[in-house]
Amino acid sequence: SQKIEQNSEALNIQEGKTATLTCNYTNYSPAYLQWYRQDPGRGPVFLLLIRENEKEKRKERLKVTFDTTLKQSLFHITASQPADSATYLCALDSMDSSYKLIFGSGTRLLVRP
Amino acid sequence: DAGITQSPRHKVTETGTPVTLRCHQTENHRYMYWYRQDPGHGLRLIHYSYGVKDTDKGEVSDGYSVSRSKTEDFLLTLESATSSQTSVYFCAISEDREATNEKLFFGSGTQLSVL
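Residues numbered from 1 in each chain as written. Chains lettered and ligands numbered in written order. Predicted model: local features only at pLDDT ≥ 70, side-chain atom pairs only at ≥ 80, totals over all residues. Heavy atoms only, no water.

**Re the state of the cysteines**
Moving on, step 1. Within this structure, the stated rule accounts for two disulfides over all chains.
Moving on, step 2. Linked covalently through their sulfurs, C23(A) and C90(A) form a disulfide whose S-S length is 2.0 Å. Every disulfide takes its handedness from the sign of the S-S torsion; for C23(A) and C90(A) that torsion is 65°, giving right-handed. Taken as a pair, C23(A) in strand 3 (residues 19-26) and C90(A) in strand 9 (residues 86-93) lie far apart in primary sequence, 67 residues in all. The pair C23(A) / C90(A) is uniform in exposure class, with both members buried.
Moving on, step 3. Two residues share a disulfide in this structure: C23(B) and C91(B), whose sulfurs sit 1.9 Å from each other. Residues C23(B) and C91(B) share a disulfide whose torsion about the S-S bond is about -70°; that sign makes it left-handed. Separated by 68 residues along the polypeptide, C23(B) in strand 3 (residues 19-25) and C91(B) in strand 9 (residues 87-94) bring together distant segments of the chain. With respect to class, C23(B) is no different from C91(B); both count as buried. (Disulfide = S-S within 2.5 Å. Helix = DSSP H or I, 4+ residues; strand = E, 2+ residues; numbered from the N terminus. Buried < 20%, exposed > 50% of the residue type's maximum accessible area, 1.4 Å probe, protein only.)

**A few points about the sheet that holds strand 3 of chain A**
Residues and elements named next belong to chain A.
Moving on, step 1. Spatial strand order, 1-3-8-7-6: five strands in an open sheet with antiparallel pairing. Because the sheet does not close on itself, it has two edges, and the strands there are strand 1 (3-6) and strand 6 (56-59). The mean inter-strand angle of the sheet, taken between neighbouring strand axes irrespective of direction, is 15°.
Moving on, step 2. Pairing between strand 1 and strand 3: four bridges, direction antiparallel. The residue bridging E5 from the neighbouring strand is N24, located in strand 3. (Pairing = 2+ DSSP bridges. Axes fitted to C-alpha atoms, helices over the stretch in contact; angles between N-to-C directions.)

**Topic: the packing of aromatic side chains**
Moving on, step 1. Under the criterion given, the structure shown has 14 aromatic pairs over all chains.
Moving on, step 2. A centroid spacing of 6.3 Å and a plane angle of 45° characterise the contact between Y48(B) and Y50(B), whose relative ring orientation is tilted.
Moving on, step 3. Looking at Y48(B), the relative accessible area reads 4%, which means it is buried.
Moving on, step 4. Within the aromatic cluster, the residues linked to one another by ring pairs are Y36(A), F46(A), F103(A), Y33(B), Y35(B), Y48(B), Y50(B), F90(B) and F106(B). (Phe/Tyr/Trp six-rings, centres within 6.5 Å; stacked < 30°, edge-to-face > 60°.)

By themselves these figures say nothing about function.
Right, dumping it as C-alpha coordinates:
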(Lines give C-alpha, C1' and ligand atoms only; values in the text may rest on other atoms or scores of the structure.)
Protein backbone atom coordinates (compact mmCIF):
# COMPACT_ATOMS: atom_id res chain seq x y z
CA SER A 1 0.00 0.00 0.00
CA GLN A 2 1.09 3.58 -0.46
CA LYS A 3 2.97 5.17 2.39
CA ILE A 4 3.72 8.80 3.20
CA GLU A 5 6.47 9.80 5.60
CA GLN A 6 6.98 13.15 7.24
CA ASN A 7 9.48 13.86 9.97
CA SER A 8 7.65 13.39 13.25
CA GLU A 9 10.18 15.48 15.15
CA ALA A 10 9.45 19.18 15.38
CA LEU A 11 11.58 21.53 13.31
CA ASN A 12 12.84 24.40 15.45
CA ILE A 13 14.37 27.36 13.60
CA GLN A 14 15.26 31.00 14.14
CA GLU A 15 13.09 33.75 12.72
CA GLY A 16 14.31 34.90 9.32
CA LYS A 17 15.78 31.53 8.34
CA THR A 18 14.39 29.21 5.70
CA ALA A 19 12.38 26.25 6.94
CA THR A 20 12.53 23.09 4.87
CA LEU A 21 10.08 20.26 5.47
CA THR A 22 10.24 16.87 3.77
CA CYS A 23 7.56 14.51 2.50
CA ASN A 24 8.59 11.10 1.20
CA TYR A 25 6.29 8.55 -0.35
CA THR A 26 6.59 4.93 -1.46
CA ASN A 27 4.79 2.36 -3.55
CA TYR A 28 3.06 4.86 -5.74
CA SER A 29 3.55 7.66 -8.25
CA PRO A 30 0.95 10.32 -7.42
CA ALA A 31 -0.47 12.61 -10.06
CA TYR A 32 -0.24 15.52 -7.64
CA LEU A 33 0.82 16.39 -4.13
CA GLN A 34 -0.59 19.00 -1.77
CA TRP A 35 0.60 20.83 1.33
CA TYR A 36 -1.65 21.98 4.16
CA ARG A 37 -1.13 24.01 7.30
CA GLN A 38 -2.84 23.11 10.55
CA ASP A 39 -3.01 25.25 13.68
CA PRO A 40 -3.91 23.78 17.09
CA GLY A 41 -7.65 23.18 17.42
CA ARG A 42 -8.32 23.98 13.78
CA GLY A 43 -8.82 22.07 10.56
CA PRO A 44 -6.06 21.93 7.94
CA VAL A 45 -5.87 24.77 5.45
CA PHE A 46 -4.74 24.22 1.85
CA LEU A 47 -1.50 25.94 0.85
CA LEU A 48 -0.14 24.61 -2.43
CA LEU A 49 -0.71 21.91 -5.03
CA ILE A 50 2.01 20.64 -7.34
CA ARG A 51 1.46 18.22 -10.21
CA GLU A 52 3.74 15.41 -11.31
CA ASN A 53 4.91 17.32 -14.40
CA GLU A 54 5.85 20.39 -12.34
CA LYS A 55 9.23 20.56 -10.68
CA GLU A 56 8.56 23.61 -8.53
CA LYS A 57 5.70 25.83 -7.40
CA ARG A 58 5.87 29.14 -5.56
CA LYS A 59 3.40 31.25 -3.62
CA GLU A 60 4.73 34.31 -1.83
CA ARG A 61 7.28 33.00 0.72
CA LEU A 62 6.37 29.37 0.07
CA LYS A 63 8.06 27.03 -2.38
CA VAL A 64 7.30 23.39 -3.08
CA THR A 65 9.39 20.99 -5.14
CA PHE A 66 8.35 17.61 -6.45
CA ASP A 67 10.99 15.02 -7.37
CA THR A 68 9.27 11.99 -8.83
CA THR A 69 12.57 10.12 -9.13
CA LEU A 70 13.39 10.49 -5.44
CA LYS A 71 9.67 10.20 -4.55
CA GLN A 72 10.00 13.28 -2.43
CA SER A 73 8.52 16.73 -2.00
CA LEU A 74 10.24 19.57 -0.18
CA PHE A 75 8.30 22.47 1.33
CA HIS A 76 10.24 25.68 1.95
CA ILE A 77 9.24 28.78 3.89
CA THR A 78 11.68 31.61 3.32
CA ALA A 79 12.19 34.48 5.77
CA SER A 80 10.25 32.49 8.37
CA GLN A 81 8.21 34.29 11.02
CA PRO A 82 6.85 33.15 14.40
CA ALA A 83 3.38 33.26 12.80
CA ASP A 84 4.52 30.42 10.52
CA SER A 85 4.64 28.11 13.53
CA ALA A 86 2.15 25.33 12.86
CA THR A 87 1.96 21.72 11.74
CA TYR A 88 2.40 21.15 8.02
CA LEU A 89 0.81 18.16 6.30
CA CYS A 90 1.51 16.72 2.89
CA ALA A 91 -1.11 14.78 1.02
CA LEU A 92 -1.23 12.90 -2.24
CA ASP A 93 -3.92 11.41 -4.39
CA SER A 94 -4.90 7.83 -3.83
CA MET A 95 -3.34 5.14 -6.02
CA ASP A 96 -6.77 3.79 -6.92
CA SER A 97 -7.58 7.05 -8.73
CA SER A 98 -10.64 7.63 -6.59
CA TYR A 99 -11.59 10.93 -5.03
CA LYS A 100 -9.46 10.49 -1.97
CA LEU A 101 -6.44 12.25 -0.54
CA ILE A 102 -4.01 10.36 1.66
CA PHE A 103 -2.29 12.46 4.33
CA GLY A 104 1.03 12.26 6.08
CA SER A 105 1.09 12.67 9.85
CA GLY A 106 2.62 16.13 9.61
CA THR A 107 5.68 17.98 10.85
CA ARG A 108 5.45 20.65 13.50
CA LEU A 109 7.38 23.84 12.76
CA LEU A 110 8.43 26.19 15.56
CA VAL A 111 9.89 29.55 14.58
CA ARG A 112 11.69 31.31 17.43
CA PRO A 113 11.62 35.12 17.53
CA ASP B 1 -13.78 27.71 7.29
CA ALA B 2 -15.11 27.88 3.72
CA GLY B 3 -18.78 27.53 4.65
CA ILE B 4 -18.43 24.24 6.52
CA THR B 5 -20.10 23.74 9.87
CA GLN B 6 -19.51 20.71 12.03
CA SER B 7 -21.75 19.89 14.96
CA PRO B 8 -21.32 19.32 17.76
CA ARG B 9 -17.85 20.80 18.35
CA HIS B 10 -17.34 18.68 21.45
CA LYS B 11 -19.07 15.56 22.67
CA VAL B 12 -18.54 13.16 25.53
CA THR B 13 -20.40 9.88 25.38
CA GLU B 14 -20.36 6.45 26.92
CA THR B 15 -19.25 3.19 25.38
CA GLY B 16 -22.06 1.46 23.50
CA THR B 17 -24.14 4.54 22.78
CA PRO B 18 -24.91 5.71 19.23
CA VAL B 19 -23.41 9.01 18.12
CA THR B 20 -24.09 11.10 15.03
CA LEU B 21 -21.83 13.90 13.83
CA ARG B 22 -23.10 16.37 11.30
CA CYS B 23 -21.33 18.27 8.55
CA HIS B 24 -23.15 21.06 6.75
CA GLN B 25 -21.73 22.96 3.77
CA THR B 26 -22.94 26.06 1.97
CA GLU B 27 -20.53 25.78 -0.98
CA ASN B 28 -22.56 23.31 -3.07
CA HIS B 29 -19.45 21.15 -3.50
CA ARG B 30 -20.00 17.65 -4.80
CA TYR B 31 -17.48 15.75 -2.70
CA MET B 32 -17.58 15.40 1.08
CA TYR B 33 -15.29 13.46 3.38
CA TRP B 34 -14.99 12.37 6.99
CA TYR B 35 -11.49 12.05 8.46
CA ARG B 36 -10.31 11.23 11.95
CA GLN B 37 -7.07 12.58 13.35
CA ASP B 38 -5.08 10.83 16.03
CA PRO B 39 -1.56 11.44 17.35
CA GLY B 40 0.98 9.45 15.37
CA HIS B 41 -1.53 8.53 12.67
CA GLY B 42 -2.35 11.83 11.08
CA LEU B 43 -5.55 12.22 9.13
CA ARG B 44 -7.22 8.98 8.09
CA LEU B 45 -10.19 8.77 5.78
CA ILE B 46 -13.31 7.13 7.23
CA HIS B 47 -15.90 7.54 4.47
CA TYR B 48 -16.47 9.86 1.58
CA SER B 49 -19.30 10.88 -0.72
CA TYR B 50 -19.23 11.77 -4.40
CA GLY B 51 -22.86 12.83 -4.59
CA VAL B 52 -26.24 12.56 -2.95
CA LYS B 53 -26.73 8.99 -1.79
CA ASP B 54 -23.33 8.03 -3.26
CA THR B 55 -20.84 7.06 -0.59
CA ASP B 56 -17.85 4.79 -0.24
CA LYS B 57 -15.51 3.51 2.42
CA GLY B 58 -12.14 4.91 3.35
CA GLU B 59 -9.26 3.17 5.07
CA VAL B 60 -10.77 3.11 8.60
CA SER B 61 -14.49 2.62 7.99
CA ASP B 62 -15.18 -0.23 10.44
CA GLY B 63 -17.67 0.86 13.12
CA TYR B 64 -18.84 3.89 11.14
CA SER B 65 -21.65 4.56 8.70
CA VAL B 66 -22.54 7.66 6.71
CA SER B 67 -25.50 9.14 4.92
CA ARG B 68 -25.95 11.96 2.47
CA SER B 69 -29.55 12.75 1.62
CA LYS B 70 -28.85 16.31 0.52
CA THR B 71 -25.88 17.96 -1.18
CA GLU B 72 -25.21 20.13 1.84
CA ASP B 73 -25.33 17.53 4.63
CA PHE B 74 -23.06 14.56 5.37
CA LEU B 75 -23.70 12.60 8.55
CA LEU B 76 -21.26 10.27 10.29
CA THR B 77 -22.76 7.71 12.68
CA LEU B 78 -21.03 5.57 15.24
CA GLU B 79 -23.63 2.85 15.80
CA SER B 80 -22.12 1.73 19.11
CA ALA B 81 -19.27 3.95 20.23
CA THR B 82 -16.06 2.40 21.55
CA SER B 83 -13.12 3.98 23.36
CA SER B 84 -10.96 3.48 20.26
CA GLN B 85 -13.21 5.94 18.47
CA THR B 86 -12.13 8.76 20.77
CA SER B 87 -10.61 11.18 18.29
CA VAL B 88 -10.94 14.49 16.51
CA TYR B 89 -13.22 14.18 13.50
CA PHE B 90 -12.91 16.49 10.52
CA CYS B 91 -15.30 16.99 7.69
CA ALA B 92 -13.92 18.19 4.36
CA ILE B 93 -15.34 19.17 1.00
CA SER B 94 -13.96 19.55 -2.50
CA GLU B 95 -15.19 20.80 -5.83
CA ASP B 96 -15.92 18.60 -8.80
CA ARG B 97 -12.83 16.55 -9.53
CA GLU B 98 -12.74 17.68 -13.14
CA ALA B 99 -12.05 21.22 -11.94
CA THR B 100 -8.44 22.35 -11.72
CA ASN B 101 -8.71 22.83 -8.01
CA GLU B 102 -8.83 19.50 -6.22
CA LYS B 103 -7.95 20.88 -2.80
CA LEU B 104 -9.93 20.09 0.32
CA PHE B 105 -11.61 22.60 2.59
CA PHE B 106 -11.90 21.43 6.18
CA GLY B 107 -14.31 22.17 8.98
CA SER B 108 -13.15 23.06 12.48
CA GLY B 109 -13.48 19.53 13.79
CA THR B 110 -15.43 17.66 16.44
CA GLN B 111 -13.64 16.42 19.54
CA LEU B 112 -15.29 13.14 20.54
CA SER B 113 -14.51 11.39 23.80
CA VAL B 114 -15.90 7.91 24.43
CA LEU B 115 -15.67 6.93 28.09
